[in-house]
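Now for the letters of each chain:
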Amino acid sequence: MTALIGNYFQENSSRFWGMLAAHVQVSILALSIAVLIGVPAGFFCVRWKKAQKYITGLFSVLRVIPSLAILLLMVPIMGTGTAPAVVALVLLAVPPILMNTVAGLESVPLFMLETAEGVGMNPTQVWTKVRFPLAMPMILTGIKTAAVEIVASATLASKIGAGGLGDIIFAGIGLFKTELLLIGGVSVALLSLLTGLLFAIVEKSTMKHRAIQS
């Protein structure tokens, strides 16, 4: 098996790195869009409470739909390729970011908000200098969860022509080649672990805000 894996990389190294790059690019694009939607939506939910149950309810429904189902639902609407894959991955990634943003912003102690107002901060300063910094650890946790989900689900996106490491896995299934399944599966697993580790490092750097909050 080791020899087969070695032969694959010897003969297909450029193709492998190309698929890895495509996987990473799709994942980063989907995560970036999800953050741009999820964080402002979380702010909107906290700022305007009446809209919260409708927005969180909508994305809670999306959260329980299987990844493959969302990907396949995009095909009749947008066809195949990178664009529908990104849209599907964004729909999967927004809920954890939104929920954690709401939870983080709502967990800021009332006395800290009152203190900020007492020292002369206007509402915008309270949000930007108090609420969001203190909520950032929880927001980052939501983004980390979304990022890992995207990396894993992007594997399925190759089914609709988005490319990525999923091509290796599905080729292994179709050709009954265990070495391809191992190469693709281990690569996705390592990429997911590295993604989680990266965000864990970023989260650690925000621990000072947790200390301030406590």
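Every value quoted in this text rests on a predicted model; they were computed, and no experiment measured them.

Considering all chains together, one arrives at seven aromatic pairs under this definition. With a centroid separation of 6.4 Å and an interplanar angle of 35°, the aromatic rings of Phe 43 and Phe 132 are classed as tilted. With Phe 43 in helix H1 (residues 2-47) and Phe 132 in helix H6 (residues 123-153), this pair connects stretches of sequence that are 89 residues apart. Summarising the aromatic geometry, the rings of Trp 127 and Phe 132 are spaced 6.1 Å apart at their centres and angled 50° between planes, so their arrangement reads as tilted. Each member of the pair, Trp 127 together with Phe 132, is buried.

Before going further, it helps to examine unusual backbone geometry. Of note in this structure, Phe 176 is not a glycine but carries a positive phi near 55°. Within the fold, Phe 176 resides in the loop between helix H7 (166-175) and helix H8 (178-204).

Attention now moves to H6. The end-to-end C-alpha distance of H6, which contains 31 residues, comes to just 39 Å, noticeably less than the 45 Å that a straight helix rising 1.5 Å per residue would cover. At Met 136, H6 shows its largest kink, close to 50°, and the proline Pro 137 lies no more than four residues downstream. If you check the start of H6, you find a side-chain oxygen 3.1 Å away from the backbone N of Thr 124, and it comes from Asn 122.

Conventions adopted
- Residues numbered from 1 in each chain as written.
- Predicted model: local features only at pLDDT ≥ 70, side-chain atom pairs only at ≥ 80, totals over all residues.
- Heavy atoms only, no water.
- Phe/Tyr/Trp six-rings, centres within 6.5 Å; stacked < 30°, edge-to-face > 60°.
- Helix = DSSP H or I, 4+ residues; strand = E, 2+ residues; numbered from the N terminus.
- Buried < 20%, exposed > 50% of the residue type's maximum accessible area, 1.4 Å probe, protein only.
- Expected span 1.5 Å × (residues − 1).
- Bend = angle between axes of the 7 residues up to and from the residue.
- Polar contact = N/O pair within 3.5 Å; in protein donor to acceptor, adjacent residues only side chain to side chain.

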